[in-house]
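Structure at a glance
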Amino acid sequence: MAERSTAAVDVADNSGDDPLTAKADKAATDGVAEEEKTAEKTAEATESKAVERQSGEQPSLTAPELHSGHKLARRYRLEECVTRLDGFSSWRAVDEKLRRAVGVHLLPADHPRARSVLAAARSAALLGDPRFVQVLDAVEENDLVYVVHEWLPDSVELTALLASGPLEAHDAYQLVSQVSQAMAAAHREGLSHLRLTPSAVLRSSTGQYRIRGLAVNAALRGITAERPQRNDTEAIGALLYASLTQRWPYETDAYGLSGLPKGVGLLPPDQVRAGVHRGLSEIAMRALVNDGATASRQEPPCTTPDELARAVSTMPRVKPPEPEFTAPPEYQRTTYQQGTYGRPQPHPAATQTVVVPPPPLQGRTGKALKWAVSALLIAALGLGSWQIADRLLGPKNTSKTPDPVPTVVTDEKPVAPKPVAIESAHDFDPLGNGAEKPQAIPNAYDGDPSTFWHTENYVTADLGKLKSGVGLVLDLGKAQKISSVDLAFLGDTSVELRTAPADATSEPTMPDQFTTRASGSGSDVTLKTAVPVTTRYVLIWLTELPANDGGFRGKLTEIKILG
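Residues numbered from 1 in each chain as written. Predicted model: local features only at pLDDT ≥ 70, side-chain atom pairs only at ≥ 80, totals over all residues. Heavy atoms only, no water.

Observations regarding the overall build of the chain
- Looking only at helices and strands, one finds 11 helices and 19 strands in the chain.
- Here the contacts in the chain between residues at least 6 apart in sequence split such that 71% fall between residues at least 24 apart.
- Of the roughly 31100 Å² of accessible surface on the chain, 54% is carried by carbon and sulfur atoms. (Helix = DSSP H or I, 4+ residues; strand = E, 2+ residues; numbered from the N terminus. Contact = heavy atoms within 4.5 Å. Areas by Shrake-Rupley, 256 points an atom, 1.4 Å probe, with all protein chains shown as cover.)

Written out as structure tokens, the structure reads:
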């Protein structure tokens, strides 16, 4: 059951959660070519059933009666039925060919929505965006239509995250930023979601949010919309609202969340719960159906995911909370530290005999000794007085302390850093095959955070132990001073900032010919040099990659250089 709650399978229950999804890098699905012949053989049977429906006979809307252990295409073994609803069923299955867990949706071939489900699944598989759960196969076979997709046991639904309380401001910012950018990319390809609920959003162990059910979830339920972009934008606003307040932004309860009180209308999140980030509260209201009206400002509404993504990108980035350190316990003194351990206890003092001093010297000898001692004391006093007088009356030191140098105060203020333009860039892989997706390099500095340049896929985070790193060389056109570089990645990435010598007449060809200026890791990294550095060639050197696309791959969305 624990695996079911975290897997990326579309659980279609009566409350309306959970969807299917599509993902990256595969333009076609596994096994579609092999199934084309089977589809041709079943075309006549499907047409005959369509004739029966036209004659008045209703198709069966019951889910196919399958059982655990049944195999599809001699490859996908069904393990556990997650749900049965509205004529289709969802299963957790095993791909015996690749030995991995997958999710499967099944429905009869004569189901009225079978054709639209197949078309939606194949369109979603062509998107190739890693922010969506990937469709692996979409097949019609033996009077069945089934869609196979990824299963992500290490991911957690937003529904489960909100069950324990609202998200931190930084997590809510990452949620609305990543989801809006992903849906903007999908709508540019003509794909919409229309069922973007808390169960459709997953957070991976690396902190990346992924969306499941793109196009397919709506097709399974027969959902359409006149304004799909507006519907998806409002759904993202509802997700942000719930993340900030742990309340559903409507009067009805849904997805395990309580709705707003009846009759009060749509309150801004910062009026529902104290301490809500003001900027995120306004973003949520601009995306919801209130058309952007807030308590203190009148901002234009966000009616498309692209407008919402731009609105989020213009607000200041929300920093993660400072780590909390547990205070050490108070220092406790022990009897040993106080000095009583091992010390003998005091005993009553014993009575001692009082010794009587001898009487002073008497007689002629005693008087002589007294005069001798007095003479010695007088001589000592005279000698000391002579030495003191000699020091006081001696020559004085005529050296003077140099006057302090006056401090020059100027009215000049430090110059604020200015952006440095990137004239051109290319991939840098001298330790490998020499090419790392050069066609996508302009996406890394085009000013659009929804596009990115990515590396090849590696089997381990340290580039499969094949090389020490890969990266991009940025040509500034001429030698210029730089002080910092801002980098934005999809997933936590380790990176170094290296520069060529200021007097270099040509670009270095090996990594050790660049000088390392700074290093860091994370999804949003700022690399600052100790002092401003003059250079023409800047190397962004990736040394450790995040988990992505079934392996490890670096994805750089934006570069900003400041002088």
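Concerning the nonpolar core
- Core analysis: the largest hydrophobic core is formed by 65 residues, its most contacted members being M183 and L196.
- Beyond its immediate sequence surroundings of up to four residues, L196 is in contact with V179, M183, I211, D232, A235, I236 and L239.
- Membership of the second largest hydrophobic core comes to 28 residues, among which are V525, I540, I559 and I561. (Core = buried A, V, L, I, M, F, W, Y, C linked by side-chain atoms within 4.5 Å. Buried < 20%, exposed > 50% of the residue type's maximum accessible area, 1.4 Å probe, protein only.)

Quick notes on the packing of aromatic side chains
- This model, assessed by the stated rule, comprises four aromatic pairs.
- Relative to Y255, the ring of W248 has its centre 5.0 Å away and its plane inclined at 70°; by these criteria the two rings are edge-to-face.
- The exposure class assigned to W248 is buried, which follows from its relative accessible area of 9%.
- Using a relative accessible area of 15% as the deciding quantity, one classes Y255 as buried.
- Ring pairs connect the aromatic residues W248, Y250 and Y255, which therefore count as one cluster. (Phe/Tyr/Trp six-rings, centres within 6.5 Å; stacked < 30°, edge-to-face > 60°.)

Examining the pairing of strand β4 (residues 100–108)
- Across the nine residues that make up β4, a large majority, seven, are buried.
- The pairing of strand β3 (residues 88–95) with β4 spans seven bridges and is classified as antiparallel. By the bridge assignment for β4, V94 is matched with A101.
- Where β3 folds back on β4, the antiparallel hairpin that results is connected by four residues, among which R99 adopts a positive phi of roughly 55°.
- Relative to strand β6 (residues 144–150), β4 runs antiparallel, the two being bridged by seven bridges. By the bridge assignment for β6, L107 is matched with V145. (Pairing = 2+ DSSP bridges.)

A look at helix α10 (residues 305–314)
- Inspection of α10 places P305, L308, A309, A311 and V312 among the buried residues, and these make up the whole buried set. Looking straight down α10, one finds its buried side chains confined to an arc of 160°; they lie on one side.
- Summarising the contacts, the buried residues of α10 are in contact with α5 (169–188), α7 (228–245) and α9 (278–287). (Arc of directions from axis to C-beta.)

Observations concerning the sheet that holds strand β9 (residues 209–211)
- Read across the open sheet, the three strands follow the order β7-β8-β9; overall the sheet is antiparallel. The open sheet terminates on both sides in strands that have one partner only, identified here as β7 (156–157) and β9.
- Where strand β8 (residues 201–203) lies against β9, three bridges are found, and the strand directions are antiparallel. Paired with R203 across the strands is Y209, a residue of β9.

Observations regarding the pattern of salt bridges
- Evaluated as defined, the whole model comprises 21 salt bridges.
- Ionic pairing is found between R77 and E79, a salt bridge with its closest N-O pair at 2.7 Å.
- Under the relative-accessibility criterion, E79 is labelled partly exposed at 27%.
- The salt bridge involving D306 is made with R188; its shortest N-O contact spans 3.6 Å. On the criterion of sequence distance, the pair formed by D306 in helix α10 and R188 in helix α5 is long-range, its members being 118 residues apart.
- For R188, a relative accessible area of 46% puts it in the partly exposed group. (Salt bridge = Lys/Arg side-chain N within 4 Å of Asp/Glu carboxyl O.)

Notes on unusual backbone geometry
- For A73, which is not glycine, the phi torsion reads 55° and is therefore positive.
- Within the secondary structure, A73 sits in the loop between β1 (71–72) and β2 (76–85).
- Its identity is not glycine, yet D143 carries a phi of approximately 60°, on the positive side.

Concerning the confidence of the model for the chain
- Averaged over all residues, the pLDDT of the chain equals 80, while 76% of them reach at least 70.
- Ignoring residues within four places in sequence, the model shows residues 1–60, a span with pLDDT below 50, making 162 contacts including any to other chains. (pLDDT = per-residue confidence, 0-100.)

Things to note about a nonpolar patch on the surface
- A cluster of nonpolar residues, I388, L392 and L393, forms a patch on the protein surface that exposes about 400 Å² of accessible area.
- Summarising the element assignment, I388 is placed in helix α11 (residues 363–392). (Patch = residues over 30% accessible without salt bridge, like charges linked within 9 Å, V, L, I, M, F, W, Y side chains within 5 Å.)

Digging into the environment of V135
- Among the structural elements, V135 can be located in strand β5 (residues 135–141).
- Along the primary structure V135 and V216 are separated by 81 residues, whereas in three dimensions their C-alpha atoms are 9.5 Å apart.

What to know about α5
- In a regular helix each residue adds 1.5 Å, so 20 residues correspond to 28 Å; α5 covers 29 Å between its end C-alpha atoms and thus fits that length.
- Positive backbone phi, at 85°, marks G190, one or two positions downstream of α5. (Expected span 1.5 Å × (residues − 1).)

What to know about the environment of G259
- Along the polypeptide, G259 turns up in strand β11 (residues 258–259).
- The contact partners of G259, leaving out residues within four places of it in the chain, are R247, W248, Y250, E251, T252 and D253.

Digging into the sheet that holds β3
- Read across the open sheet, the six strands follow the order β1-β2-β3-β4-β6-β5; overall the sheet is antiparallel. The outermost strands of the open sheet, each flanked by one partner alone, are β1 and β5.
- As defined by bridge partners, β2 adjoins β3 across eight bridges and the pair is classed as antiparallel. The partner of R84 across the bridge, within β3, is S89.
- Across the face of the sheet, helix α3 (residues 114–125) comes into contact with β4, β5 and β6 while running at roughly 150° to β5. (Axes fitted to C-alpha atoms, helices over the stretch in contact; angles between N-to-C directions.)

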